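Here is what each chain is made of, one letter per residue.
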Amino acid sequence: MSLVVAKQITKTFNNIPAISKLDINIKKGKITGLVGPDGAGKTTLIRLMTGLLDADSGELKVLDYSLPKDADKIQSKIGYMPQKFGLYEDLSVLENLTLYANLQSIPKNEQKKRINELLEFINLKKFESFLAKNLSGGMKQKLGLACALIKKPELLLLDEPGVGVDPISRKELWAIVNKLVEDDVGVVWSTAYLDEAELCDEVILLNEGSILFEGIPKELSKTMENKVFKIVGDIKDKRQTLRLALKYDQIKDGVILGNSIKLICESKDDLPPLEKIEAKNCSYESMKANFEDGFIHILNGNFNGESLLAKQMGEFEENDGTLIEASHLSKTFGSFKATDDVSFKIKRGEIFGFLGPNGAGKSTTFKMLCGLVKPTSGQAHVLGISLETSSHKARSKIGYMSQKFSLYGDISVYENLKFFAGVYGLRGKEKKEKINSMIKIFELEKYKKTASKTLPLGYKQRLSLACAVMHDPVVLFLDEPTSGIDPLTRREFWNHIYAMVQKGMTIMVTTHFMDEAEYCDRIALIYKGRAIALDTPHNLISQVGSNATMEDTFIELIKRENDDN
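An unreviewed UniProt entry lists the protein chain under the name ABC transporter related protein, from Arcobacter nitrofigilis.

Attention now moves to the overall build of the protein chain. Regarding its fold elements, the protein chain presents 20 helices and 24 strands. Computed over its C-alpha atoms, the radius of gyration of the protein chain comes to 24 Å, within 12% of the 24 Å expected for a compact globule of 565 residues. Counting only C-alpha atoms, the protein chain reaches 65 × 60 × 55 Å along its principal axes. The proportion of buried residues among the 565 residues of the protein chain is 54%.

Our focus in this paragraph is the environment of Gln 104. Tracing the backbone shows Gln 104 in the loop between α3 (93–103) and α4 (108–121). When the C-alpha atoms of Gln 104 and Trp 494 are compared, they prove to be 44 Å apart, with 390 residues separating the residues in sequence.

Turning our eyes to something else, we now look at empty space enclosed by the protein. For the structure shown, the criterion picks out one cavity of 30 Å³ or more. For the largest cavity, the calculated volume is near 150 Å³. Leu 242, Leu 246, Gly 305, Asn 495 and Tyr 498 are, among the 16 residues lining the largest cavity, the residues nearest its centre. Secondary structure elements with two or more residues in the lining of the largest cavity: α9 (238–246), β12 (253–257) and α17 (487–502). It is α17 that contributes the most residues to the lining of the largest cavity, six residues altogether. Looking at side-chain class alone, the lining of the largest cavity contains eight nonpolar, four polar and four charged residues.

Side chains of Lys 7, Lys 61, Lys 69 and Lys 73 sit close together on the surface and give a patch of like positive charge. Here Lys 7 is to be found in strand β1 (residues 2–13). Residue classification places Lys 7 among the partly exposed residues on the basis of a relative accessible area of 48%.

Ordered by their spatial adjacency, four strands build an open sheet running β16-β15-β18-β19, and the pairing between neighbours is antiparallel. Two strands close off the open sheet at either side, each with one partner strand: β16 (336–347) and β19 (385–386). Here eight bridges tie strand β15 (residues 322–333) to β16, and the two strands are oriented antiparallel to one another. Among the inter-strand pairings, Lys 331 is bridged to a residue of β16, identified as Thr 339. Each of β15, β16 and β18 (377–382) touches helix α12 (residues 362–369); the most contacted strand, β15, lies at about 125 degrees to it.

Before going further, it helps to spend a moment on the sheet that holds strand β11 (residues 228–233). Hydrogen bonds along the backbone pair up the strands of a sheet, which may run parallel or antiparallel. Ordered in space as β12-β13-β11-β14, the four strands form an open sheet in which the pairing is antiparallel. The open sheet has two free edges, formed respectively by β12 and β14 (282–286), since each of these has just one partner strand. Strand-to-strand, the axes of this sheet are offset by a mean angle of 25 degrees, without reference to chain direction.

It is worth spelling out the domain arrangement of the protein chain at this point. Along its sequence, the protein chain is carved into domain 1 (2–215), domain 2 (221–305) and domain 3 (307–397 + 473–531). Between domain 2 and domain 3, the C-alpha centre-to-centre distance is 28 Å. If you look at the interface, domain 2 gives 17 residues, while domain 3 gives 16 residues. At the boundary of domain 2 with domain 3, total buried surface from both sides reaches about 1,500 Å², with 54% on carbon and sulfur atoms.

A separate point is the side chain of Thr 44. Within the secondary structure layout, Thr 44 lies in helix α1 (residues 42–50). The residues contacting Thr 44, other than those within four sequence positions of it, are Lys 11, Phe 13, Ala 18, Ile 19 and Leu 53.

The next thing to look at is the nonpolar core. Residues Ile 231, Leu 263, Leu 417, Met 438, Leu 476 and Met 500 are the most contacted members of the largest nonpolar core, which totals 76 residues. No fewer than three residues from each of domain 2 (221–305) and domain 3 (307–397 + 473–531) sit in this core. Excluding residues within four positions of it along the chain, Met 438 makes contact with Leu 309, Gln 312, Leu 417, Leu 444, Ala 466, Val 469 and Met 470. By size, the runner-up hydrophobic cluster in this structure holds 50 residues, among which are Phe 127, Leu 135, Val 185 and Val 187.

As a packed pair, helix α14 (residues 413–423) and helix α16 (residues 457–469) sit with axes 9 Å apart at the nearest point and diverge in direction by 20 degrees. Put simply, α14 runs roughly parallel to α16. In the crossing of α14 with α16, the sense of the turn from one axis to the other is right-handed. Note on element contacts: α16 touches α14 through Leu 463, Ala 466 and Cys 467, opposite Val 413, Asn 416, Leu 417 and Phe 420. Residues of the contact of α14 with α16, tallied by class, amount to six nonpolar, one polar and no charged.

Before going further, it helps to examine α17. Between the first and last C-alpha of α17 there are 22 Å, a value that for 16 residues agrees with the 22 Å anticipated at 1.5 Å per step. Within α17, 15 of the 16 residues are buried, leaving the element largely enclosed by the surrounding structure. Here α17 starts with a cap whose side-chain oxygen sits 2.9 Å from the backbone nitrogen of Leu 488, and that cap is Asp 486. After α17 finishes, the residue Gly 504 shows a positive phi value of roughly 115 degrees.

So, on to the pairing of β1. Pairing between β1 and strand β2 (residues 16–27): eight bridges, direction antiparallel. Counterpart to Val 5 in the pairing with β2 is Asn 25. Between β1 and β2, which pair antiparallel one after the other, the connecting turn spans two residues, and Asn 14 there sits at a positive phi close to 50 degrees.

With 14 residues, helix α15 (residues 428–441) should reach 20 Å at 1.5 Å per residue; the first-to-last C-alpha distance of 20 Å fits that figure. Along α15, the positions that sit buried rather than exposed are Lys 434, Ile 435, Ser 437, Met 438, Ile 439 and Ile 441. Its buried side turned inward, α15 meets α11 (308–311), α14, α16 and α17. Just beyond α15, the residue with positive phi is Glu 443, at close to 55 degrees.

Right, let's talk about the packing of aromatic side chains for a bit. Applying the stated criterion to the full structure yields 15 aromatic pairs. An angle of 40 degrees between the planes, with centres 6.4 Å apart, marks the rings of Tyr 408 and Phe 420 as tilted. Of this pair, Tyr 408 sits in the loop between β20 (398–401) and α14 while Phe 420 sits in helix α14, and the two are 12 residues apart along the sequence. Given the relative accessible area of 44%, Tyr 408 is considered partly exposed. In this structure Phe 420 comes out as buried when scored by relative accessible area, which is 15%. A ring pair is formed by Trp 494 and Tyr 519, whose centres lie 5.0 Å apart and whose planes are at 80 degrees; its orientation type is edge-to-face. Of the two residues, Trp 494 sits in helix α17 while Tyr 519 sits in the loop between α18 (514–517) and β23 (522–527), which places them 25 residues apart along the sequence. Aromatic rings pair up to connect Phe 344, Phe 352, Phe 354, Phe 366 and Phe 477 into one cluster. When the ring centre of Tyr 193 is taken as reference, the NZ or CZ atom of Arg 170 above it lies at 4.0 Å. The lysine or arginine in question, Arg 462, covers the ring of Tyr 459, its NZ or CZ lying 4.5 Å from the ring centre.

About the thresholds
- Residues numbered from 1 in each chain as written.
- Predicted model: local features only at pLDDT ≥ 70, side-chain atom pairs only at ≥ 80, totals over all residues.
- Heavy atoms only, no water.
- Helix = DSSP H or I, 4+ residues; strand = E, 2+ residues; numbered from the N terminus.
- Rg over C-alpha atoms; globule rule 2.2 N^0.38 Å.
- Buried < 20%, exposed > 50% of the residue type's maximum accessible area, 1.4 Å probe, protein only.
- 1 Å grid on protein atoms, 1.4 Å probe; cavity = no way out; pocket = protein on both sides within 12 Å on 5 of 7 lines; lining within 4 Å.
- Points joined across faces, edges and corners; volume = space filled by probe spheres on them.
- Nonpolar A, V, L, I, M, F, W, Y, C, P; charged D, E, K, R; others polar.
- Patch = residues over 30% accessible without salt bridge, like charges linked within 9 Å, V, L, I, M, F, W, Y side chains within 5 Å.
- Areas by Shrake-Rupley, 256 points an atom, 1.4 Å probe, with all protein chains shown as cover.
- Salt bridge = Lys/Arg side-chain N within 4 Å of Asp/Glu carboxyl O.
- Lys, Arg positive; Asp, Glu negative; His and termini not counted.
- Charge placed at Lys NZ, Arg CZ, Asp CG, Glu CD.
- Pairing = 2+ DSSP bridges.
- Contact = heavy atoms within 4.5 Å.
- Axes fitted to C-alpha atoms, helices over the stretch in contact; angles between N-to-C directions.
- Domains from an automatic or database assignment.
- Buried area = accessible area lost by both parts, 1.4 Å probe.
- Core = buried A, V, L, I, M, F, W, Y, C linked by side-chain atoms within 4.5 Å.
- Parallel < 35°, antiparallel > 145°, perpendicular 65-115°, else oblique.
- Left-handed = near helix turned anticlockwise from the far one by under 90°.
- Expected span 1.5 Å × (residues − 1).
- Polar contact = N/O pair within 3.5 Å; in protein donor to acceptor, adjacent residues only side chain to side chain.
- Phe/Tyr/Trp six-rings, centres within 6.5 Å; stacked < 30°, edge-to-face > 60°.
- Lys NZ or Arg CZ within 6 Å of the ring centre and 35° of its normal.

Written as structure tokens, this is what we have:
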């Protein structure tokens with residue numbers, strides 16, 4: 001049985017097509033993934049299915065009802081979880097569920113039983129009195145799902161439910177959703193995480209409102225067989241070797257994976273000579289292709305390793321000492337210990353990754369290092385300067401991109417750039433040139449006069465990064481900079497990060513993308529406010545097993561910590 005059937009549906013906004021003559025057939029008893037770059041049409045398609053938007057032309061049937069005329073009937077039989085989970089932040093867990101129960105017209109005498117069933121199902125019973133705004137990202141995700149399930153749906157529509165959520169919480173969500181599928185609930189799952197897309201029964205890959213691929217995820221991966229390779233051995237400078245490899249036109253993509261480098265090209269004959277890329281004592285090995293390889297290939301992703309952002313920066317001064325130091329940092333909020341005696345040192349030109357579940361204390365530690373939060377005890381030093389006593393002096397050399405979009409939403413892209421250039425002390429000709437440079441590098445020209453809060457997510461992140469680096473900071477803090485953005489934009493960001501570090505910038509980054517953790521030189525794993533592991537990605541993975549992934553490592557090290565305590 002088909003749950004959703006679309007024939008030649010079209011939807012435009014301001015004469016720009018968001019969905020273009022689309023034909024789809026989504027079957028019952030399956031998880032169907034919607035993937036694609038920012039602006040591909042994923043959210044628009046989901047909203048059309050809910051009846052919240054009307055198509056301009058074409059036919060759309062959901063659960064055998066026609067849209068838009070049967071929208072009310074459809075909405076009574078589907079569950080919908082929008083981006084950011086659709087919660088009321090100032091209501092408690094119980095109040096959110098009660099509100100959704102009332103909105104779905106569930107009889108009062110049945111509400112308590114259904115709400116208790118869902119609280120047990122998502123394991124939030126003991127948090128029912130907590131305000132939604134005080135929950136971790138993983139808890140918010142589960143509550144948003146429960147609200148969508150308050151009246152058991154025939155079809156569940158999830159719009160990027162995993163954004164900003166750690167791997168453990170995402171794994172728990174998948175377990176919950178798989179149980180729903182067993183109960184005959186159909187699921188449409190929009191995602192920016194391509195490892196999630198691989199778990200779907202079928203995927204629809206959209207770009208600019210059209211379908212580029214439709215079918216089983218493995219079929220897209222198969223298109224990349226014998227095109228993915230890795231450099232293994234004693235690589236002297238991984239970032240330099242990657243940069244040199246990407247200069248060869250036949251190399252379409254490449255990333256650092258722990259102690260090796262992954263390269264993509266049409267055949268083994270296209271691989272560059274190892275001595276030409278400063279890897280003469282190394283060798284090439286074939287790699288199994290994954291869904292992301294096929295995704296980037298079908299979208300014609302082609303990365304040459306050059307960064308216009310880094311190119312317009314000067315070289316940063318040599319410094320062999322420690323640039324960032326956390327010394328016994330602790331922070332308590334009332335009786336809650338957000339950060340508990342955390343210590344580490346970061347040297348010049350290092351990419352230092354900060355990993356941990358939602359609510360582990362990553363952002364609190366970040367804010368103490370940036371001088372935005374005062375430690376309860378311990379010290380934070382950046383460039384040898386104590387942020388408690390000389391925070392203004394240190395901040396002039398720091399760039400900070402926060403976890404949530406924190407620019408001024410009601411003013412334009414250009415006005416945001418102008419404001420932050422002024423805050424960082426840029427004046428006159430230098431200020432004007434820097435603003436124009438950021439607009440060009442991050443392709444913001446078409447959005448120059450647009451209010452920043454209305455930007456697509458990928459462009460919001462581009463603008464945030466532009467504002468954080470306008471003054472060429474010596475130290476850059478990036479708090480989940482790629483959360484929710486598509487793989488092409490993520491690769492663009494890491495291209496800039498690699499190149500800025502080559503210039504001598506020091507970067508500290510948090511991420512929930514486990515592949516990105518492998519791009520870092522070293523990683524600290526934070527759990528319950530404490531640093532439970534600190535080492536290179538390769539060494540951490542080796543602690544778990546020779547065939548372990550970074551995600552396996554993340555989950556296993558936290559499990560071991562729980563078992564030991």
